[in-house]
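One-letter residues, chain by chain:
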Amino acid sequence: MLKLNPVWLVLPLCLFLVGPTSIAVGTLTVTQLKCEYRAGHVVLDNPRPRLSWVLNSDRRGDVQTAWQVLVAGNADALREDTGDLWDSGKVESADQLHVLYRGKPLASGQACYWKVRAWDADGRPSSWSEPASWEMGLLAPEDWAGARWLNDGKPTPTREEDFYLEDPAPLFRREFSIDKPVARARLYVTGIGYYEASLNGGRVGDLALDPAWTRYSERVFYSTHDVTAELRPGDNCLGVTLGNGWYNPLPMRMWGRRVLREHMPVGRPRFITRLAIEFTDGTRQDVLSDNDWMVGEGPILFNNIYLGEIYDARREQPGWDTAGFDDAAWGRPAVATEPIGPLRAQPLPPIRCTATLEPVGLSEPQPGVFIFDMGQNFAGWVRLSLEAPAGTSVTLRFGELLNPDGTLNPLTSVCGQIKGRRKNKEGVEANIGGPGSPLVAWQADTYIARGGGIEHYTPRFTFHAFRYVEVTGLPGKPPIDSIEGLRLNSDIERVGSFACSNELFNRIQTMCDWTFLSNIFAVQSDCPHRERFGYGGDIATTSEAFMMNYDMAAFYAKAVRDWHDSVLEDGTFTDTAPNMGTQYCGVAWAMVHPLLLRQLWQYYGDRQLLEEQYATARRWLEGVNARYPDFIVTEGLSDHEGLAPMPAPEMVTPLYAASARLLGELAAILGHAADAERYARLAEDIRAAYLARFFDPATGKAGPATQASQSFMLYLNLAPTESRPAVLDVLLEDLRRRDGHLSTGIFGTKYMLDALSREGHAGAAGAIVNQRTFPGWGHMLDLGATTLWEHWKFSDNTYSHNHPMFGSVSEWFYRWLGGIQPDPAAVGFDRIIIRPQMVSGLEWVRCAYDSARGRIVSNWQLAGGRLRMEVEIPVGATALVHVPAASPAQVREGGHPAAQAPGVELVTQEAGAVIYRVGAGRYLFHVDRIEMHQAIGFSGQAWRG
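The residue numbers shown here count from 1 along each chain, following its written sequence. For this predicted model, a pLDDT threshold of at least 70 governs which residues receive local features, and a threshold of 80 or more governs which side-chain atom pairs are given and counted, while totals over whole chains, interfaces and linings are taken from all residues. Working from all heavy atoms in the structure, the side-chain values ignore hydrogens and water.

As for the sheet that holds strand S13 (residues 194-199)
Put simply, the rule reads: For two strands to count as paired, DSSP must find a minimum of two bridges between them. Note on conventions: DSSP H or I runs of at least 4 residues are helices, E runs of at least 2 residues are strands, and numbering of each starts at the N terminus.
The strand order S14-S13-S16-S11-S21 describes an open sheet built from 5 strands, whose pairing is antiparallel. The open sheet is flanked by strand S14 (202-203) and strand S21 (294-297), the only strands paired with a single partner. Alignment of S13 against strand S16 (residues 234-243), held across 6 bridges, turns out to be antiparallel. The residue bridging Leu199 from the neighbouring strand is Leu238, located in S16.

Right, dumping it as structure tokens:
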């Protein structure tokens, strides 16, 4: 049973809570202060951080006309309205995103306290915001002077099979003394693959699987912890435990051929730390990772990100991380010498436990084999409680499915499809995974009891994705509460909510949410078990769905840099980032880099990242251009996992055209006029080549004339204006032939739902999503899915059951049923389109999105042929609101004819909608008679629309 429920699962009893519209004059308030995308106390190493805030006003059309920022070196000065580090003075500007700090130079470890006030449309100042703070990390390499990267000194095995032997996770300890009162203490620490720090016997922080995975040869992230309260007078002890993570992977041959160790920076697990202590008398003391540390072996005998852990509680060393422990049998650590990249303050939300789950069922399909059903597929850990004699070995295996006899089926979550044996190059039958590899590389943890009472076990340096937990080796039947699920994910902020009167749509949204959170472990992965890699295509097709649900600003900025760090010598982007050696997907996967840059500009207004990364994106596109001089791409993946033909030339070339258009837009934003013209022209050249070779204007058929190829033409604006109706007709005819079922894959699904809705056929899109039979989301749900599948067809052996790529449907919920869209020209969501599609069969929708500038709301309700539509726009933005109505005379707002309502401007009328421009504020539109021109279903072969 889940203990933490997403707020959008709670359906409202009353749809609208606002009363009559008020236009009483009010004042601005400044809230939600963020530094470098993040709220709360942020630690960063950018010497000129960017500051942002949200504005609220009870007056329609209010705007910020000026702002003032105060930054102080202590909270007392800020309370006195003193900005001793920076007082911007009154700045005449509407900027509220990424305001650059321009105060005094900042030093490593410096604390900064800040607040903001703003002037409204009438030039009146607001009160000061609540204070926020940030802290500088270690800004220069010399700040780590004396600290060294340490490991346990063990050699790396030379034979593949030896990697699978017991290799206890090392424990490092360092005692030190404090002889005067402490004013402030910060622990700067990291370890790769993973680390866990402790101080005086207590764990430091609540971060899991830290630090975030990067290409370690290019950058390594460190975390900062306030440990002032954990220090004590006299003797203290700092401890570090290391796990292999992504830095010391096994040489398993994924798919029988791909060895991660051959493509990634690797070495023995290592750590570096600096404990910086400031005393009340102004003196300092540093405890560094140096020759004074000791190293021993801990109870984690084996750990791997895919296979799991083996933990022998009998080998625990109680008190090892407290002062006075006898470490005479321990040795000295070694200095790690493998080259790695520079240290950087971790810039994105850390991985944490974000929910707990209780089992909903317990069975015993075979004697001594117990199956816990968690009721939900998710990624994370389980916490096991048991009481058993010393030496009892208890194994937990994890899987997404059960076999017909009720036993565990782990095969959809097996690492790299390592299942069984086959003949090698020499003709000898061997394990697919190579020498020493398990026959089947399933997920499992083993706990060996210490005995003597109740024991608890939670893994540290691995994670799993599962619904079912098989437990064997227990001395008796366990109670159902002996297992607890711990959901892990990067602790991103939820910013979106969607609910509607169609319960199937709500269930699909829930399924997307669980899938998304299962696949966001510092890298947005394709699946949280078998592969766990950041594939570009998966991100390119779901990034906007993620951004409508969560604050992805810092996370996707890190992803962009991952692609930069993984770029090949010739400028080619890899299929995944961090790079793990795959290179066959091509343009469609590589385009994620410029695509994210464009989206980070549109959603969050990030120009700095664009300036930093533009040259990298440009170099990539120039390489693609050189490779395909006739503009036709001949290789690569396109509509992956679709159910119809998807030939590369016909399906990848449109994405090449889209990439060129993207680069032209990025160049124009940056003012690179020559590049903007060049890439716009290149996009047209590619489009022309594509149309000449693959498009038949007489029939409207593009490429293989599938749902995907037709949707590519419409979504990517490749079709000539006069041919769009014919292209659409081919798409609609295919849908009729399939009785409203899709045949699309990773790109086509996103593109088709959007294109149909944009072309006035949201009912067709709704019919697709509303299907209960194969293929579709309803089919998944009816077969017991709680997360999205990798393939439309059920698989009990091959395909993942926790794959986000078909989660683009969540974007459709927000953009077309809720109707919240950024204008194509938006910068940080400053221009909004509210365009809900009231497809037949829906009675109401509640949709909200907390943009970078504040909350956007688009709620609507249909009853008795009347429409009630609630809209909220934040200060700093304007919106075009599409109200479904036959004429302006039908539309009222706040009791007035809409065109006469305060703050509402009639812009134009189009088929089926009247369009108004509004500024900040809350609006309540009414339409007394609304005719539905779209249907949410098919009747045999007859299209009802």
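There is more to say after this.
Overview of the pattern of salt bridges
Rules: The term salt bridge refers to a side-chain nitrogen of Lys or Arg lying within 4 Å of a carboxyl oxygen of Asp or Glu. Only protein chains enter the accessibility calculation, which uses a 1.4 Å probe. A residue is then buried if its area is under 20% of the maximum for its type, exposed if over 50%, and partly exposed in between.
Per the stated rule, a full pass over the model turns up 72 salt bridges. For the salt bridge of Glu196 with Arg203, the shortest nitrogen-to-oxygen distance reads 3.8 Å. With a relative accessible area of 18%, Glu196 lands in the buried category. Among the salt bridges present, the one from Arg274 reaches Asp286, with a minimum N-O distance of 3.4 Å. Of this pair, Arg274 sits in strand S19 (residues 270-279) while Asp286 sits in strand S20 (residues 284-288), and the two are 12 residues apart along the sequence. The class of Arg274 is buried, set by a relative accessible area of 9%. Residue Asp286 is classed as partly exposed on the basis of its relative accessible area, which comes to 35%. When salt bridges that share partners are traced, they join Asp152, Lys154, Glu166, Asp167, Arg268, Glu297 and Arg315 into one network.

Examining the state of the cysteines
Let me state the cut-off plainly: Put simply, a disulfide is two cysteine sulfurs that come within 2.5 Å.
The tally for this structure, following the rule as stated, stands at 0 disulfides. The structure places no disulfide on Cys415, whose sulfur is separated from the nearest cysteine sulfur, that of Cys527, by 9.4 Å. Note on Cys415: relative accessible area 1%, which makes it buried.

Some thoughts on the sheet that holds strand S3 (residues 50-56)
Pairing is antiparallel in the open sheet, where 3 strands are placed in the order S1-S3-S7. The open sheet has two edge strands, strand S1 (29-35) and strand S7 (99-100), and neither has a second partner.

Side note on helix H7 (residues 607-627)
Put simply, the rule is: What a helix is expected to span follows from its residue count: subtract one and scale by 1.5 Å. In this analysis the local bend is the angle between axes fitted, respectively, to the seven residues ending at and the seven residues starting at the residue. Here, two residues are considered to be in contact whenever any of their heavy atoms come within 4.5 Å of each other. N or O atoms closer than or at 3.5 Å make up a polar contact, with two conditions inside protein: a donor-capable atom paired with an acceptor-capable one, and, for residues adjacent in sequence, both atoms drawn from side chains.
With 21 residues, H7 extends 30 Å from end C-alpha to end C-alpha; this agrees with the ideal 30 Å at 1.5 Å per step. By the largest-angle criterion, Gln613 marks the main kink of H7, which is about 50°. Within H7, burial applies to Leu609, Leu610, Gln613, Tyr614, Thr616, Ala617, Trp620, Leu621, Val624 and Asn625. In this fold, the buried residues of H7 make contact with helix H4 (553-566), helix H5 (587-590), helix H6 (592-604), helix H8 (648-670) and helix H9 (673-694). By the N-cap criterion, in which a side-chain oxygen at the helix start approaches the backbone nitrogen of a residue two or three places on, H7 is capped by Asp606, the distance to Gln608 being 3.2 Å.

So, the packing of helix H12 (residues 746-758) against helix H13 (residues 762-769)
Describing two packed helices takes the angle between their axes plus the distance from one axis to the other. The test is simple: In this description, a line fitted to the C-alpha atoms serves as the axis of each element, helices being fitted only across the stretch in contact, and the angle between N-to-C directions of two axes falls anywhere from 0 to 180 degrees.
Running from N to C, H12 and H13 point in directions that differ by 145°, and their axes come no closer than 6 Å. Residues Met752, Leu753, Leu756 and Ser757 of H12 pack against Ala762, Ala764, Ala765, Ile768 and Val769 of H13.

Describing the pairing of strand S12 (residues 182-192)
On any regular strand, side chains alternate: one points to one face of the sheet, the next to the other face. Along S12, 9 of the 11 residues are buried, which leaves the element largely enclosed by surrounding structure. Here S12 pairs with S19 via 10 bridges, running antiparallel. Bridge pairing in S19 links Val182 to Phe279. Bridge analysis of S12 against strand S15 (residues 220-226) gives 4 bridges, and the strand direction is antiparallel. Bridging from a neighbouring strand, Tyr188 pairs with Thr224 of S15.

Re the nonpolar core
Test applied: Throughout, nonpolar core names a set of buried Ala, Val, Leu, Ile, Met, Phe, Trp, Tyr and Cys residues whose side chains join them through atoms within 4.5 Å.
By size, the foremost hydrophobic cluster in this structure holds 233 residues, and its most contacted members are Trp777 and Phe925. Sorting elements by how many residues they give to this core places H8 first, with 14 residues. Excluding residues that lie within four positions of it along the chain, Trp777 makes contacts with Ile508, Met511, Leu742, Thr749, Leu753, Ile768, Val769, Leu788, Trp792, Phe806 and Val809.

Overview of unusual backbone geometry
Following Ile192, the chain continues to Gly193 via a peptide bond in cis, the omega torsion being -5°. If you trace the backbone, Gly193 turns up in the loop between S12 and S13. In this structure, Pro211 follows Asp210 across a cis peptide bond, with omega equal to 5°. Here Pro211 lies in the loop between S14 and S15. The residue Ala705 is not glycine, and still its phi comes out positive at about 60°. Mapped onto the elements, Ala705 comes out in the loop between strand S40 (701-702) and helix H10 (707-715). A residue is classified by how much of its surface remains accessible, and Ala705, at 19% relative accessible area, is buried.

Re the packing of H13 against helix H15 (residues 808-818)
Our working definition: Angles are sorted into four bins: roughly parallel if under 35 degrees, roughly antiparallel if over 145, roughly perpendicular if 65 to 115, and oblique for all others. By definition, any crossing whose near helix is turned counterclockwise from its far helix by less than a right angle is left-handed, and any crossing with a clockwise turn is right-handed.
Remark: H13 packs on H15, axes separated minimally by 12 Å, with the N-to-C direction vectors making an angle of 140°. Regarding the angle of H13 to H15, the classification is oblique. When you trace H13 past H15, the crossing you get is left-handed. Of the residues in H15, those touching H13 at Ala762, Ala765, Gly766 and Val769 are Val809, Trp812 and Phe813.

A look at the side chain of Asn431
Structurally, the position occupied by Asn431 is in strand S33 (residues 429-431). Using a relative accessible area of 18% as the deciding quantity, one classes Asn431 as buried. Beyond its immediate chain neighbours, meaning those up to four positions away, Asn431 contacts Gly420, Arg421, Ser437, Pro438 and Leu439.

Digging into the side chain of Asp551
Tracing the backbone shows Asp551 in the loop between helix H3 (536-549) and H4. For Asp551, a relative accessible area of 14% puts it in the buried group. A distance of 2.8 Å separates the side chain of Asp551 from the side chain of Lys34, its partner in a polar contact. Beyond its immediate chain neighbours, meaning those up to four positions away, Asp551 contacts Lys34, Tyr37, Ile492, Glu493, Val495 and Tyr604.

Section: the packing of aromatic side chains
Spelled out, the test is: Note on aromatic pairs: the rings of Phe, Tyr and Trp (six-membered ring only in Trp) are paired at centre separations within 6.5 Å, and the planes decide the class, stacked below 30 degrees, edge-to-face beyond 60, tilted for the rest.
One pass over the structure, following the stated rule, counts 46 aromatic pairs. Centroid distance Trp53 to Trp67: 5.9 Å. Interplanar angle 65°. Geometry classified as edge-to-face. One end of the pair, Trp53, is in strand S3; the other, Trp67, is in strand S4 (residues 66-72), with 14 residues separating them in the sequence. The exposure class assigned to Trp53 is buried, which follows from its relative accessible area of 1%. For Trp67, a relative accessible area of 6% translates into the label buried. Between Phe172 and Phe271 the ring centres are 4.8 Å apart and the planes differ by 55°, which places this aromatic pair in the tilted class. Here Phe172, found in strand S11 (residues 170-178), pairs with Phe271, found in strand S19; they are 99 residues apart in sequence, far enough to count as distant. Overall, the relative accessible area of 0% leaves Phe271 in the buried class.

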